[in-house]
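Residue-level structural notes
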Amino acid sequence: MRYGIISDVHSNLVALRAVLAELRGRSLDKFVCPGDIVGYGPRPNECVELVRELEPVAVIGNHDVAAIESGTEDWFNAVARAAAIWTRQELSAANREYLRSLQPVLIFDEVTMVHGALAPDLWDYISSPWEARPTFEAMKTQLCFIGHSHYAEWYELGPGAVVPMQVGATSGHQLQFAEGVRYIVNAGSVGQPRDGDPRAACAVYDTDEGTIEVFRVPYDIAECQEDMLAKGLPVPLAQRLALGV
Ligand code: ZN
């Protein structure tokens with residue numbers, strides 16, 4: 001099986017289309033989505049609809065929760081909160097239902113998938129080896145796919161310590177899984193990368209080869225920014241797209 005991984009789309013339709021065009025020629029069998037289809041960006045309905053059409057294996061992200069349950073945005077910063085409230089008003093009933101149908105954790109094809117972390121809390125960030133450790137202890141599979149930090153990176157746990165590997169700007173970087181080693185993999189963010197590379201991120205997981213290949217895809221950032229400002233979304237959210245932070 002070859003899976004296309006699209007995470008943290010964040011209502012960025014321009015980036016999502018660019019990523020799907022990049023992945024189209026890569027003979028995929030299925031898509032997976034580690035959460036946050038909406039939030040921040042200007043096209044929540046179009047993004048949910050496009051993702052739904054792909055029929056991905058998907059889990060819910062914290063911004064997806066904030067878009068369907070009022071009060072859950074309270075712990076966001078001011079700009080994220082404003083975007084969450086706007087998104088909630090925009091979403092169609094059918095798209096809200098779709099987000100509501102997503103589970104927080106699931107296991108498929110020997111992979112555990114969660115948006116943030118398996119432990120100690122589902123919405124924790126894994127951005128360091130010590131933050132990765134509780135999830136390594138909780139996972140029952142060799143691989144765990146996450147999103148949430150918007151960094152394209154992975155962590156390895158072999159016989160020794162947890163080793164962090166940040167792939168960030170490297171497109172075409174391939175991870176070959178080794179026997180006896182477990183991995184937490186973040187394919188990066190489609191719609192709001194924060195690892196210093198503003199290009200959209202996505203990946204291909206090949207179960208036969210035992211590999212993950214990360215791709216960075218340029219897209220028309222200005223088009224998305226103009227759309228955000230036209231919708232009245234906070235200016236800093238548009239600005240950060242160009243910086244990849
Ligand atoms: Zn996110």
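Now for a description of the structure that goes with this document. (Residues numbered from 1 in each chain as written. Predicted model: local features only at pLDDT ≥ 70, side-chain atom pairs only at ≥ 80, totals over all residues. Heavy atoms only, no water.)

Moving on to the overall build of the protein. A tally of helices and strands in the protein yields 8 helices and 12 strands. In terms of C-alpha radius of gyration, the protein reaches 17 Å, essentially the compact-globule figure of 18 Å for 245 residues. Oriented by its inertia axes, the alpha-carbon framework of the protein measures out at about 50 × 35 × 30 Å. Expressed as a percentage of its 245 residues, the buried residues of the protein come to 56%. Considering only intrachain contacts with a sequence separation of at least 6, the fraction spanning at least 24 residues in the protein is 72%. Accessible surface computed for the protein: about 9,900 Å², of which carbon and sulfur atoms make up 50%. The protein carries 19 positive and 33 negative side-chain charges, and their two centres are separated by 3 Å. (Helix = DSSP H or I, 4+ residues; strand = E, 2+ residues; numbered from the N terminus. Rg over C-alpha atoms; globule rule 2.2 N^0.38 Å. Buried < 20%, exposed > 50% of the residue type's maximum accessible area, 1.4 Å probe, protein only. Contact = heavy atoms within 4.5 Å. Areas by Shrake-Rupley, 256 points an atom, 1.4 Å probe, with all protein chains shown as cover. Lys, Arg positive; Asp, Glu negative; His and termini not counted. Charge placed at Lys NZ, Arg CZ, Asp CG, Glu CD.)

A separate point is the sheet that holds strand S9 (residues 173-176). One open sheet accounts for 6 strands, arranged S3-S2-S1-S11-S12-S9; its pairing is mixed. Either end of the sheet is taken by a strand with one partner, and the two such strands are strand S3 (57-58) and S9. Pairing between strand S2 (residues 30-33) and S3: 2 bridges, direction parallel. Bridge pairing in S3 places Cys-33 opposite Ala-58. (Pairing = 2+ DSSP bridges.)

Another aspect to go through is the pattern of salt bridges. Across all of its chains, the model carries 10 salt bridges by this definition. Among the salt bridges present, the one from Arg-2 reaches Asp-206, with a minimum N-O distance of 3.0 Å. One end of the pair, Arg-2, is in strand S1 (residues 2-5); the other, Asp-206, is in strand S11 (residues 200-206), with 204 residues separating them in the sequence. One salt bridge connects Arg-199 with Asp-197, and the closest N-O pair in it is separated by 2.9 Å. (Salt bridge = Lys/Arg side-chain N within 4 Å of Asp/Glu carboxyl O.)

For Asp-206, a relative accessible area of 9% gives the class buried. Looking at Asp-206, its side chain comes within polar contact range of the main-chain nitrogen of Asp-208, at 3.0 Å. In this structure the side chain of Asp-206 is engaged in a polar contact, spanning 2.9 Å, whose partner is the backbone nitrogen of Glu-209. Residues in contact with Asp-206, not counting those within four places in the same chain, are Met-1, Arg-2 and Thr-211. (Polar contact = N/O pair within 3.5 Å; in protein donor to acceptor, adjacent residues only side chain to side chain.)

Bringing the nonpolar core into the picture now. Soluble globular proteins tend to bury their nonpolar side chains together. Counting residues in each nonpolar core, the largest one holds 47 residues, and the members touching the most others are Ile-6, Ile-37, Leu-99 and Tyr-219. Of all the elements, helix H1 (residues 13-24) adds the most residues to this core, at 8 residues. Look past the residues within four positions of Ile-37 in its chain and what remains in contact with it is Val-9, His-10, Ser-11, Cys-47, Val-48, Val-51, Asp-64, Tyr-98, Leu-99 and Leu-102. Core analysis: the next-biggest nonpolar cluster, separate from the first, contains 22 residues, Met-113, Trp-154, Val-181 and Val-185 among them. (Core = buried A, V, L, I, M, F, W, Y, C linked by side-chain atoms within 4.5 Å.)

That bond from Ala-119 to Pro-120 is cis: its omega, -5°, falls within 30 degrees of zero. Positionally, Pro-120 belongs in the loop between strand S5 (111-114) and helix H6 (129-138). Within the chain, Tyr-40 stands out as a residue other than glycine whose phi angle is a positive 75°. Relative to the elements of secondary structure, Tyr-40 occurs in the loop between S2 and helix H2 (44-54). Assessed through its relative accessible area of 9%, Tyr-40 is described here as buried.

Within the secondary structure, Tyr-98 sits in helix H5 (residues 93-100). A relative accessible area of 16% means that Tyr-98 is categorised as buried. Here the alpha-carbon distance between Tyr-98 and Ile-60, two residues 38 residues apart in the chain, equals 10.0 Å. Tyr-98 has contacts with Ile-37, Val-48, Val-51, Arg-52, Pro-56 and Ala-58, leaving out every residue within four places of it along the chain.

Attention now goes to the coordination of the zinc ion. Only Asp-8 (OD), His-10 (NE2), Asp-36 (OD) and His-150 (NE2) from the protein reach the zinc ion as donors, at distances of 2.1 to 2.3 Å. Between the 4 donor atoms coordinating the zinc ion, the angles at the centre fall across 84 to 176°, so the site counts as irregular. All donor residues of the zinc ion come from one chain, and their arrangement in sequence is D-x1-H-x25-D-x113-H. Taken together, the residues Asp-36 in the loop between S2 and H2 and His-150 in the loop between strand S6 (143-146) and strand S7 (152-157) connect sequence positions 114 residues apart. Judged by relative accessible area, which is 1%, Asp-36 ranks as buried. (Donors = N, O, S within 2.8 Å, 3.2 Å for Na, K, Ca; no water. Tetrahedral: all angles 85-135°; square planar, octahedral: opposite > 155°, others 65-115°.)

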